[in-house]
Amino acid sequence: MEQAVVELPFRADLLGEGKRYLIITFGCQANECDSEVLAGMLESAGYRPAAGPEEADLIVINTCSVRRKPEEKVAGLLGRLRKLKENNRALLIAVGGCMAQRPEAAADLARRFPFLDLIFGTHALPRFPQLLEQAGQSRRPLIDIAEATAGRKGLPVRRSSSFKAWLPVIYGCNNFCSYCIVPHVRGRECSRSFAEIIAEARSLEEAGYLEITLLGQNVNSYGNDLAAGAGGDFAALLAELDRSAGPARIRFLTSHPKDLSPRLIEVIARGKKICEHLHLPAQAGSNRILERMNRRYTRERYLELVAALKKEVPGIALTTDLMVGFPGETEADFRETLALLDEAEFDQAYTFIYSPRPGTRAAAMKEQLDAAEKNERLQRLTRRQNEISLRLNRAQLGRTVELLVEGRSKNNPEMLSGRTRTNKLVHFAAAEDLSGRLVTVEITGAYTWYLTGELV
Ligand code: SAH
Ligand code: SF4
Ligand code: F3S
């Protein structure tokens, strides 16, 4: 009898049966969020999580390219994984994310680590299961860094928390700050639809989530790429989430100062669920450097925004990102960044040494500073900020605040840790594990990086 030839469709459900996976994530919240999608795709293909690299049949490294250091860490990690691969031929190793999306970095990885099975860029994320299936069969490594993005709609997500969730609202970035690799590796801005975001917030609330963090490289550009009438801009989205859908706490990252509208400040001020915390990267305090960075705001404009936020949203905590050693930064420029700390009074600042990224405009600028000078400036900057953080934290003493408990303290398992609405970290003692619950504590201790409290 003649046998019918049946073309089997891609059977994602068979791919990982009986196998275990491990995902190692570098970089920002966008990558953490993508790793949850990778985990979702793997689990719907039958894979289960592995406790460590030795137990894994598949290791995925989700990489970051924003500075040189996270790229070097990936190389170090792959050096250590080489042994595992030699001892276990069946082990698959895949490298994805922002570093993989950078063509020179992808080629370099393939050359230095020929045992890699798959290198896939940020745009290839939705194609991951198919790529994985091919990777086991083809010549190593299979590389997919094509910029064609298949939509992410409907991809499964395996969230790592049962009470707080990332909720991406816009992918990519159009800003091309002159130092930054992100627009090169994440592509142009692409907003998810209003309806899709609201629906996801609703389902998170129904699933018992207490906090969502809306994500985008610049959430304030949300909707610019959508048709007029498609729902609205970021202020409208935030207002709608606050009014009608979603968990008890709403956060969002990151706001670009150039697009922070008075309407958005008003929405934050009126919001019930919107937390009193804003992360507003300043990058530098000198107008000359801001201009060379292509940030498109001035120091004066930035300080105006800070003043408006503090006035309209009483008790708001402000955090920022700052960079030292941008090409051509003089001592006088740097002092303007120091002075900005005193004027803005940030609760916390994430401080970075400028790292030239291949292909960006700043990397081609002359007047690159030497390492010793950059290090010295970083130390002065963090010292000044630490004093301010401690002073502002001390002002919290005696206050009664709401915490979302995140789990046991990393350094002392007898303590629990949680975050205030202002995103401050608080450690406190408790007899039972209150993880994933909202509790009230009185602040009794204040330090540079955290507070301590007592349950009330
Ligand atoms: N989209 C976000 C930030 C993305 S990168 C924003 O616009 O704020 C996170 C931070 O890394 C940036 O705010 C910046 O301070 C820092 N950063 C980006 N590129 C860098 C580089 N080449 N060297 C050092 N720090 C950098
Ligand atoms: Fe990078 Fe600027 Fe875009 Fe932020 S806004 S991701 S710093 S280019
Ligand atoms: Fe994030 Fe690093 Fe990519 S900061 S967007 S993971 S380059």
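Residues numbered from 1 in each chain as written. Chains lettered and ligands numbered in written order. Predicted model: local features only at pLDDT ≥ 70, side-chain atom pairs only at ≥ 80, totals over all residues. Heavy atoms only, no water.

**Side note on the overall build of the protein chain**
Along the backbone of the protein chain there are 14 helices and 19 strands. Radius of gyration (C-alpha) of the protein chain: 23 Å, near the 23 Å computed for a compact globule of 456 residues. If one aligns the C-alpha atoms of the protein chain with their principal axes, the spans along those axes are about 85 × 55 × 50 Å. Element-wise, carbon and sulfur atoms account for 50% of the exposed surface of the protein chain, whose accessible area totals about 21,100 Å². Averaged over its 62 positive side-chain charges, the protein chain has a centre that lies 2 Å from the centre of its 58 negative ones. (Helix = DSSP H or I, 4+ residues; strand = E, 2+ residues; numbered from the N terminus. Rg over C-alpha atoms; globule rule 2.2 N^0.38 Å. Areas by Shrake-Rupley, 256 points an atom, 1.4 Å probe, with all protein chains shown as cover. Lys, Arg positive; Asp, Glu negative; His and termini not counted. Charge placed at Lys NZ, Arg CZ, Asp CG, Glu CD.)

**What about the sheet that holds strand β7 (residues 164-168)?**
Here three strands make up an open sheet; going across it, the order is β7-β10-β11 and the pairing parallel. A strand with exactly one partner marks an edge of an open sheet, and here the two such strands are β7 and β11 (249-253). Neighbour-to-neighbour, the strand axes of the sheet open up by a mean angle of 25 degrees, direction not taken into account. Bridge analysis of β7 against strand β10 (residues 211-215) gives five bridges, and the strand direction is parallel. The partner of P168 across the bridge, within β10, is L215. The sheet strands contacting helix α2 (residues 29-44) are β7, β10 and β11, and the helix crosses β7 at an angle near 100 degrees. (Pairing = 2+ DSSP bridges. Axes fitted to C-alpha atoms, helices over the stretch in contact; angles between N-to-C directions. Contact = heavy atoms within 4.5 Å.)

**Observations concerning the site of ligand 2**
Looking at ligand 2, the residues that line it are C173, N175, F176, C177, Y179, C180, V182, P183, Q217, H256 and R295. Looking at side-chain class alone, the shell around ligand 2 contains seven nonpolar, three polar and one charged residues. (Near = heavy atom within 4 Å. Nonpolar A, V, L, I, M, F, W, Y, C, P; charged D, E, K, R; others polar.)

**Things to note about the packing of helix α12 (residues 299-312) against helix α13 (residues 331-344)**
Closest axis-to-axis distance for the α12/α13 pair is 11 Å, and the angle between their directions is 15 degrees. Overall, the two elements α12 and α13 adopt an arrangement that is roughly parallel. The handedness of the crossing between α12 and α13 is right-handed. Residues R299, Y302, L303, V306 and K310 of α12 form the contact with α13, whose participating residues are E336, A339, L340, E343 and A344. For the contact of α12 with α13, the class distribution of residues is six nonpolar, no polar and four charged. (Parallel < 35°, antiparallel > 145°, perpendicular 65-115°, else oblique. Left-handed = near helix turned anticlockwise from the far one by under 90°.)

**Digging into the environment of A207**
Among the structural elements, A207 can be located in the loop between α8 (194-206) and β10. Each C-alpha atom of the pair A207 and P247 lies 9.5 Å from the other, and the pair is 40 residues apart in sequence.

**Structural notes on the sheet that holds strand β12 (residues 277-279)**
Here three strands make up an open sheet; going across it, the order is β12-β13-β14 and the pairing parallel. Edge positions in the open sheet fall to β12 and β14 (348-353), since each of these has one partner strand only. Between one strand and the next, the sheet's axes are offset by a mean angle of 15 degrees, whatever the strand orientation. As paired strands, β12 and strand β13 (residues 317-324) are joined by three bridges and run parallel to one another. Across the sheet, residue L278 finds its bridge partner in β13, namely L318.

**As for the pattern of salt bridges**
Using the criterion set out here, one finds 38 salt bridges in the structure. Salt-bridge contacts for R140 lead to D117; the nearest nitrogen and oxygen are separated by 2.9 Å. With a gap of 23 residues between them, R140 in the loop between α6 (128-135) and β6 (142-144) and D117 in the loop between α5 (103-112) and β5 (118-120) connect regions that are remote in the sequence. With relative accessibility at 3%, the residue D117 sits in the buried group. (Salt bridge = Lys/Arg side-chain N within 4 Å of Asp/Glu carboxyl O. Buried < 20%, exposed > 50% of the residue type's maximum accessible area, 1.4 Å probe, protein only.)

**Remarks on the domain arrangement of the protein chain**
We note that the domain assignment places domain 1 (2-144), domain 2 (161-269), domain 3 (276-395) and domain 4 (400-455) within the protein chain. Placing a centre on the C-alpha atoms of domain 1 and another on those of domain 4 gives a separation of 36 Å. (Domains from an automatic or database assignment.)

**Let's talk about the packing of aromatic side chains**
Taken as a whole and judged by the stated rule, the model has 10 aromatic pairs. Each ring, one from F194 and one from Y222, has its centre 6.5 Å from the other, and the planes form 45 degrees; the classification is tilted. Residue F194 is found in helix α8, and its partner Y222 is found in the loop between β10 and α9 (234-244); the two are separated by 28 residues along the sequence. Seen in terms of ring centroids, F326 and Y354 are 5.5 Å apart; in terms of plane orientation they differ by 65 degrees. Their pairing is edge-to-face. One end of the pair, F326, is in the loop between β13 and α13; the other, Y354, is in the loop between β14 and α14 (371-394), and 28 residues separate them in sequence. Comparing F326 with Y354 shows no difference in burial state: the two are buried. Here a set of aromatic residues connected by ring pairs shows up, and it is made of Y179, F326 and Y354. (Phe/Tyr/Trp six-rings, centres within 6.5 Å; stacked < 30°, edge-to-face > 60°.)

**Some points on the packing of α13 against α14**
The contact between α13 and α14 brings their axes to 10 Å, and the two run at 15 degrees. Taken together, α13 and α14 sit at an angle that is classed as roughly parallel. Handedness of the crossing formed by α13 with α14: right-handed. Along its contact with α13, which presents E331, F334, R335, T337, L338, L341 and D342, the element α14 presents R377, R380, L381, R384, Q385 and I388.

**Comments concerning the site of ligand 3**
Near ligand 3, the surroundings consist of G27, C28, N31, C64, S65, V66, C98, R186 and Q217. Of the residues that constitute the shell around ligand 3, the class distribution is four nonpolar, four polar and one charged.

**Here's the deal with α5**
Regarding α5, the residues found buried are A105, A106, L109 and A110. Taken down its axis, α5 places every buried residue within 135 degrees of arc, on the same side. Those residues of α5 that are exposed and aimed more than 90 degrees away from the buried face are E104 and R111. Buried residues in α5 make contact with α3 (68-87), β4 (92-97), α4 (98-101), β5 and β6. (Arc of directions from axis to C-beta.)

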